[in-house]
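# Secondary and tertiary structure notes
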Amino acid sequence: MQRVVHLIHSLEVGGLERVVLELARRARREGHEHRIVLCDRPFDPSGRDFDPLGVPWECLPRGPGLDLRFARRLRARLVELRADVVHAHNDTPIAYAALALTPQRVGLPALAATFHTLPCHGGLAARML
């Protein structure tokens, strides 16, 4: 059984969010433990967001700008969840997951990164990512 944590901004209706939920639901049906960590906005049940429908989720709020405390909290949470893999989606979650998992040590999860779109930040940091 693989423990996978998907790191995304929110569950606001969109293609990325739909794909993440489908991946997590299918994996859970096959016996894997997938969950979602939201870094910008918690689930909004008013109809603006996709309903996670049984996929565990939590919101770990990120502050404005470069929030190094968020990276430390994310690392601690991933260790607590005993994640095997962090699957980060798009540039900001990928950058924070990479920060959280550096330096790589025994007991930390592997990082999988998926860009669903081109990086939305056009600066040097986005190009380096």
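A brief structural summary.

Attention now moves to the overall build of the protein. The secondary structure content of the protein amounts to four helices and five strands. Going from N to C terminus, the protein has its helices and strands arranged as β-α-β-β-α-β-α-β-α. Over its C-alpha atoms the protein spans a radius of gyration of 14 Å, differing by no more than 12% from the 14 Å that the globule rule assigns to 129 residues. If you line up the protein on its principal axes, its C-alpha atoms span 40 × 35 × 20 Å. Across the protein, every contact between residues at least 6 apart in sequence was considered, and the portion connecting residues at least 24 apart equals 65%. Averaging the coordinates of the 18 positive side-chain charges in the protein and doing the same for the 14 negative ones gives two points 5 Å apart.

The next subject is the packing of aromatic side chains. This structure, assessed with the given rule, holds two aromatic pairs. Judged by centre distance (5.8 Å) and plane angle (65°), the ring pair of phenylalanine 43 and tryptophan 57 falls under edge-to-face. With phenylalanine 43 in the loop between β2 (33-38) and β3 (57-59) and tryptophan 57 in strand β3, the pair connects residues that are 14 residues apart, well separated along the chain.

Here glycine 65 shows up in the loop between β3 and α2 (68-81). Owing to a relative accessible area of 56%, glycine 65 belongs among the exposed residues under this scheme. Once the C-alpha coordinates of glycine 65 and glycine 54 are considered, the two residues, eleven residues apart in sequence, prove to be 32 Å apart.

The next subject is a nonpolar patch on the surface. Together, Leu66, Leu68 and Leu99 line one region of the surface with nonpolar side chains, adding up to about 290 Å² of accessible area. By secondary structure assignment, the location of leucine 99 is in helix α3 (residues 91-100).

As a further point, take the nonpolar core. Judged by nonpolar contacts, the single largest core of 19 residues is most densely connected at Val5, Leu7, Phe70, Leu74, Leu78 and Val86. The dominant element in this core, judged by the number of residues it contributes, is α2, at five residues. With residues near it in sequence (within four places) discarded, leucine 78 still touches Val5, Ala83, Val86, Leu101 and Pro109. If you look at the next biggest cluster of nonpolar residues, it comprises ten residues, including Leu16, Val20, Leu21 and Val55.

Right, let's talk about the pairing of strand β1 (residues 3-8) for a bit. β1 sits mainly inside the fold: six of its six residues count as buried. Every second residue of β1 is oriented toward a common face, with Arg3, Val5 and Leu7 on one face and Val4, His6 and Ile8 on the other, all of them buried. Looking at chain direction, β1 and β2 are connected through six bridges and run parallel. Looking across to β2, one finds that leucine 7 is bridged to valine 37.

Conventions and cut-offs
Residues numbered from 1 in each chain as written. Predicted model: local features only at pLDDT ≥ 70, side-chain atom pairs only at ≥ 80, totals over all residues. Heavy atoms only, no water. Helix = DSSP H or I, 4+ residues; strand = E, 2+ residues; numbered from the N terminus. Rg over C-alpha atoms; globule rule 2.2 N^0.38 Å. Contact = heavy atoms within 4.5 Å. Lys, Arg positive; Asp, Glu negative; His and termini not counted. Charge placed at Lys NZ, Arg CZ, Asp CG, Glu CD. Phe/Tyr/Trp six-rings, centres within 6.5 Å; stacked < 30°, edge-to-face > 60°. Buried < 20%, exposed > 50% of the residue type's maximum accessible area, 1.4 Å probe, protein only. Patch = residues over 30% accessible without salt bridge, like charges linked within 9 Å, V, L, I, M, F, W, Y side chains within 5 Å. Areas by Shrake-Rupley, 256 points an atom, 1.4 Å probe, with all protein chains shown as cover. Salt bridge = Lys/Arg side-chain N within 4 Å of Asp/Glu carboxyl O. Core = buried A, V, L, I, M, F, W, Y, C linked by side-chain atoms within 4.5 Å. Pairing = 2+ DSSP bridges.

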